[in-house]
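Take a look at the letters that make up each chain.
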Amino acid sequence: MHGSPLVLDAIVRAGLGAGARVANPGEFTLRAYLNGRINLVQAEAVRDLIDAVTPLQARVAFDQLQGTLTARLASMEARLLDLIARLEASLDFPDEGYHFITRDESSREMGAIVSALDALLADAKRGRMIREGLTAVVVGRPNVGKSSLFNRLAGSERAIVTEIAGTTRDLLTERVDIGGVPFTVVDTAGVHREAADAIEEEGIARARQAREVADVLVVVLDGSAALVESDRELLAATAGRPRVVVASKADLPARWNAREFDALPVSSLTDAGIDRLRSEMIRAADAEPHRDAIATLNIRHTALVGRARDAAARGRDAALEGVAEEFLLADLHEARACFDEVTGARTPDDVLRLIFERFCIGK
Ligand code: GDP
């Protein structure tokens, strides 16, 4: 149909009048899942694809839709099933002892499954960054050029830049795409300045909070002015955190050696160093893009994969201690049940309801 909202509205009304009904949130995807056309991981990927705001997010969601996680789980499940079959067989023929598989072998095999699950969980961290984004907080004393830098990163003129110290009274945030990772960049008021009034005090308190939760800190030091005590304090206070130190106003003569503090010279006036800053932010947050398709795990997947991993690890240790097959099998079946719950082969109804409720109407 043509895009006119009026015409579309009239057509939908006519359809409803003739007995049709509007689809529920996620209904098309739910039906595809219930009819076995896609599994649960893929259904969730449809939602991620709809919600994607950066091209990398879309690509990762698309990979997931194609079955990245599903394929990795399937290969692990195949190993698990093979092991279960051999242990069950040993149970059926007790007189022959570990005839179909030795204790060492089963322990080794379970160990391999544990390693594969660990690798998957390590991937999860990076996947989460891509899906959910990161927070970068710009910190530094007043007038070092934080707001100007924030504007360059945000690509707009949102933050108010003035020559009067302490003008950024509230937190300004902007969502920006940095190397495919959605960053929420936060500009803060000067944290080290004595508050002149209540509003500014509130701004300073919020800035401190933002600093605590940041995934990466952009520590701005004025490159065109001598370092002062509060700069050094800030450097010391943020030393253990993921951070990028910036020597700002690089278009002006430098007053200190940026290399000494591992600082990146950046000018918001000429844009020199801005691209380097973007890639350093990604590096500091440990969010560099991989070339391979990565399996993204949401919280639901991560919890289940973690449980499968623990069950497999218990089995691995128990096999070495000479525990009876029945108990090993209980651990392996638990791991398998977790896999099934990830892909939706077996999932409680309320989990399903939660997943599909988060869709927009009709998708
Ligand atoms: P904030 O208080 O840390 O947010 O600093 P602002 O961004 O408001 O900048 C303070 C002053 O420094 C303003 O007068 C800016 O024009 C100036 N400034 C900021 N960045 C640069 C830069 O890269 N080069 C030059 N020459 N001046 C800058």
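K.L.:
What am I meant to see in the overall build of the chain here?
P.N.:
Regarding its fold elements, the chain presents 13 helices and 6 strands. Here the chain holds 363 residues, and 46% of them are scored as buried. When contacts within the chain are restricted to residue pairs at least 6 apart in sequence, those whose partners lie at least 24 apart make up 70%. Taken as a whole, the chain presents about 18,500 Å² of accessible surface, with 53% of it coming from carbon and sulfur.

K.L.:
Would you take a moment to explain the sheet that holds strand β1 (residues 134–139) for this structure?
P.N.:
Paired through their backbone hydrogen bonds, the strands of a sheet run either parallel or antiparallel. Taken in spatial order, the 6 strands make up an open sheet running β2-β3-β1-β4-β5-β6, and their pairing is mixed. Edge strands, defined here as strands with exactly one partner in the open sheet, are β2 (172–178) and β6 (264–265). Contacting β1, β2 and β3 (181–187), helix α6 (residues 103–132) runs over the sheet at an angle of about 65° to β3.

K.L.:
Sorry if this is basic, but what is going on with the site of the ligand here?
P.N.:
The environment of the ligand is made up of 17 residues, and the closest members are N143, K146, S147, S148 and D251. Between an oxygen atom of the ligand and a main-chain N or O atom of S147, the distance comes to 2.7 Å. Backbone polar atom of S268 to an oxygen atom of the ligand: 2.8 Å apart, as the coordinates give it. Compared with its free state, where it exposes 580 Å², the ligand has 85% of that area covered by protein. In terms of residue class, the shell around the ligand is made up of 5 nonpolar, 7 polar and 5 charged.

K.L.:
Just checking my understanding: could you explain a nonpolar patch on the surface for this structure?
P.N.:
A cluster of nonpolar side chains, M1, L6, V7, L8 and I11, forms an exposed patch at the surface whose accessible area comes to about 520 Å². By secondary structure assignment, the location of L8 is in helix α1 (residues 5–17).

K.L.:
Looking at this model, I keep getting lost on empty space enclosed by the protein. Mind explaining?
P.N.:
A full pass over the atoms with the stated rule returns 2 cavities of 30 Å³ or more. The volume enclosed by the largest cavity comes to roughly 40 Å³. By residue number, the principal contributor to the lining of the largest cavity is helix α3 (residues 40–51), which donates 4 residues. Residues of the lining of the largest cavity, tallied by class, amount to 3 nonpolar, 4 polar and 3 charged.

K.L.:
Help me understand helix α4 (residues 55–66), please; the structure alone is not making it clear to me.
P.N.:
Since the α-helix turns once every 3.6 residues, residues separated by three or four places project in the same direction. Between its first and last C-alpha atoms α4 spans 16 Å; for 12 residues at 1.5 Å apiece the expected length is 16 Å, and the two agree. Buried within α4 are the following residues: L56, Q57, V60, A61, D63 and Q64. Along the axis of α4, the buried residues cluster in a sector spanning 155°; they form a single face. Turned more than 90 degrees off the buried face of α4, the exposed positions are P55 and Q66.

K.L.:
Quick question: what am I supposed to make of unusual backbone geometry here?
P.N.:
When glycine is set aside, most residues are seen to have a negative phi, and most peptide bonds are trans. Even without a glycine there, the phi angle at N143 is positive, about 70°. Structurally, the position occupied by N143 is in the loop between β1 and α7 (146–154). Even without being a glycine, D271 presents a positive backbone phi close to 75°. On the secondary structure map, D271 appears in the loop between β6 and α10 (274–284).

Conventions adopted
Sequence order as written defines the numbering, with residues in each chain counted from 1. Residue-level local features of this predicted model are given only where pLDDT is at least 70; pairs of side-chain atoms are given and counted only at 80 or more, and the full residue set underlies all totals for whole chains, interfaces and linings. Hydrogens and water are ignored here; the side-chain numbers use all heavy atoms of the structure. Secondary structure elements follow DSSP: runs of H or I of four or more residues count as helices, runs of E of two or more count as strands, with numbering from the N terminus. Relative accessibility thresholds used throughout: buried, under 20% of the residue-type maximum; exposed, over 50%; partly exposed, between the two (1.4 Å probe, protein chains only). Residue contacts are counted whenever heavy atoms from the two residues lie within 4.5 Å of one another. Each accessible area value is a Shrake-Rupley result obtained with a 1.4 Å probe; residue values ignore everything except the protein chains displayed when judging cover. The pairing criterion is simple: DSSP has to find at least two bridges between the two strands. Every axis in this analysis is a line fitted to C-alpha atoms, fitted for helices over the stretch in contact. Angles between the N-to-C directions lie between 0 and 180 degrees. The nearness test applies per residue and asks whether one of its heavy atoms lies within 4 Å of the molecule or strand. Whenever a nitrogen or oxygen atom comes within 3.5 Å of another N or O atom, the pair is scored as a polar contact, on the condition that within protein one atom can donate a hydrogen and the other can accept it, and that pairs from neighbouring residues in sequence are kept only if both atoms are in side chains. Each residue is assigned to one of three groups, with Ala, Val, Leu, Ile, Met, Phe, Trp, Tyr, Cys and Pro labelled nonpolar, Asp, Glu, Lys and Arg labelled charged, and all others, Gly among them, labelled polar. Patch definition: residues with relative accessible area over 30% and no salt bridge; like charges joined within 9 Å; nonpolar side chains (Val, Leu, Ile, Met, Phe, Trp, Tyr) joined within 5 Å. Should a side-chain nitrogen of Lys or Arg be within 4 Å of a carboxyl oxygen of Asp or Glu, the pair is scored as a salt bridge. The distinction between a cavity and a pocket rests on a 1 Å grid over the protein atoms alone: a 1.4 Å probe fits inside a cavity but cannot get out, while a pocket stays open yet meets protein on both sides within 12 Å along at least five of seven lines, and a residue with an atom within 4 Å of a point counts as lining. Grid points are joined across faces, edges and corners, and a volume is the space filled by probe spheres set on the points. A helix is expected to span 1.5 Å multiplied by its residue count minus one. Arc definition: it is the arc formed by the directions from the helix axis to the C-beta atoms.

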